[in-house]
Amino acid sequence: MSPVVYRTARVGLRVTTGQRRRCFGLLRSAGDVWACVLEVNAWRRRRRDSPVVGYQELCRELAASGPGTFEDLDSTGARSVLRRFSDAWFAAAKRRRGGDVSARFPRRRRRLVPVRWYHGTFTIDGRRLRIPTARGSGALWVRLARDLPYPPRQVRSVTLLCEGSRLFLDITAEVTVATYSTGEGPDPSRVAGVDVGVIHPYAVAGPDGEGLLVSGRAIRAEHRMHLADSKARRRAVARRAPKAGERGSRRWRRYRRRLRLVQGRHQRRVRQAQHEAAATVVSWAVHQRVGMLHVGDPRGVLDLPAGRRHNLRLRQWQVGHLLQILTDKAILAGITVRLVDERGTSSTCPACHQRTPKPRGRALSCPNCHFSGHRDLVAAATIATRVPGGGPTTSTAVVLPTVVTHRRAGRHLPGAGQSRRDPRRPPRTARGSVGLRRPVSPPDGEESLAYSARIHNTRRKLGGRSWTPH
């Protein structure tokens, strides 16, 4: 029997005004369930009683509240909120037992809480989905914005949520791991190293001198330009902002709604680009018959204070999300992923194993043995020789890539297909330039769309008037 894994895909909803009102009513009712649990535990904490955090105990409290307490929200959706609260509480308790004093128990109220329904409680009919509601309320059918990414019989749960004032469904399905013919599938003895970064989300070094570089400059440009647009927008409306305690005008509320829409669109663009980058790595590994990926885990740098600007870059990096989507796609393709220590891989020479100064660009140069190579590919090749839970292994020779495949992530981003530098930034003209650059010459028989060239060897007469030689 083939192994199975669980995959989740996000699908938008196309709803009418009444359906939208009812969906947001379900999310608000779920927020009321969350607030009730917090209130009950606050009362018990003031009486110095033990909190009610177990899933079975919370379900008994929910049953004692009676039907109709949370409007259209049914018992299955309410129990999913209780499960979410219980898991968050026990996860924080486990971290605190492990010595992490920064872990906090869930004590903050939420206005909208996602609601999940499991297999057998909802109905799927093509692009239409029936969301369960409380007994006595009308049926709630919604339409999906696109076809289901999985067969309906494999769907195990659906989760209703809101992002940027838009309604989405997270659809979780049971998917079978890919199978291959004899001699064509991934070979567990073939190991490749993966270095996770910002400029290159994934740099991969294969076992036969093959390498892969996935450029993330378009993603970085999207972050930068979105931040600049947000700052300019805030400066423009700063004088119209309501004071503390004021509701704000309708114009201000429209601006806030537009701000949420822009933020949600930015997040979806970046998420899609990250998934494209991970899919590129997995397809390349399947083509190279790589059966195991050693991925460097750089999450230790997130705990180091590096200033306001660099901390923002680290937060926008989303390294945990990059590792998660790469692991999910690799497991689905039958490839094993193991996280290893990546400390020092970008600053250690693979030839003499000596530490080198950190380079400013992408090229690593060793002052001891005069070795030179791509910094990210050198790190990926070194990561391939390491084992989980251990440090560097110098007994295994480092195989540096000699044939490198270049790919870009985020071709759908604004202007990403025009240049390799930040695509949304205006073109930078060189000093002394007299106009726009001329494009490449067209093929034979086609008309050129280039701008007419201006003559550079102009001279100036006495009196300030210029003339052009004919």
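Rules and cut-offs
- Residues numbered from 1 in each chain as written.
- Predicted model: local features only at pLDDT ≥ 70, side-chain atom pairs only at ≥ 80, totals over all residues.
- Heavy atoms only, no water.
- Helix = DSSP H or I, 4+ residues; strand = E, 2+ residues; numbered from the N terminus.
- Buried < 20%, exposed > 50% of the residue type's maximum accessible area, 1.4 Å probe, protein only.
- Areas by Shrake-Rupley, 256 points an atom, 1.4 Å probe, with all protein chains shown as cover.
- Pairing = 2+ DSSP bridges.
- Axes fitted to C-alpha atoms, helices over the stretch in contact; angles between N-to-C directions.
- Contact = heavy atoms within 4.5 Å.
- Expected span 1.5 Å × (residues − 1).
- pLDDT = per-residue confidence, 0-100.

*Asks:* How should I be thinking about the overall build of the chain in this particular structure?
*Replies:* When helices and strands are counted, the chain shows 8 helices and 17 strands. Here the chain holds 470 residues, and 38% of them are scored as buried. Working note: accessible area of the chain is about 28800 Å², and carbon and sulfur atoms make up 49% of it.

*Asks:* Looking at this model, I keep getting lost on the sheet that holds strand β12 (residues 336-341). Mind explaining?
*Replies:* Across a sheet, paired strands are connected by hydrogen bonds in the backbone, their directions being either parallel or antiparallel. Strands sit in the order β12-β11-β8-β9-β10-β15 across an open sheet of 6 strands; the sheet is mixed. One side of each edge strand has no neighbouring strand; the edge strands of this open sheet are β12 and β15 (403-408). Averaged over neighbouring strand pairs, the angle between their axes works out to 25 degrees when direction is ignored. Note that strand β10 (residues 210-215) and β15 share 6 bridges and pair parallel. Bridged to G211 within β15 is V404. Against the sheet, helix α7 (residues 319-332) contacts β8 (187-196), β9 (202-205), β11 (290-297) and β12, and its axis sits at roughly 170 degrees relative to β11.

*Asks:* Even after reading the chapter, I still don't get α7, so can you show me in this structure?
*Replies:* Because an α-helix packs 3.6 residues into every turn, residues spaced three or four apart end up facing the same way. Given a rise of 1.5 Å per residue, 14 residues ought to cover 20 Å, and the 20 Å separating the end C-alpha atoms of α7 matches this to within 8%. Turning to α7, its buried residues number three or more, namely V319, L322, L323, I325, L326, K329, A330 and L332. A positive phi of about 85 degrees marks G334, the residue just after α7.

*Asks:* I keep staring at the confidence of the model for the chain and nothing clicks. Help me out?
*Replies:* Low pLDDT marks stretches whose predicted atomic positions should not be read closely. The share of residues in the chain with pLDDT of 70 or more is 86%, and the mean pLDDT across the chain is 83. In the predicted structure, residues 430-438 sits below a pLDDT of 50 and forms 7 contacts with residues beyond four places in sequence or in another chain. Scored below 50 in pLDDT, residues 446-470 shows 19 contacts in the model against residues more than four places distant or in partner chains.

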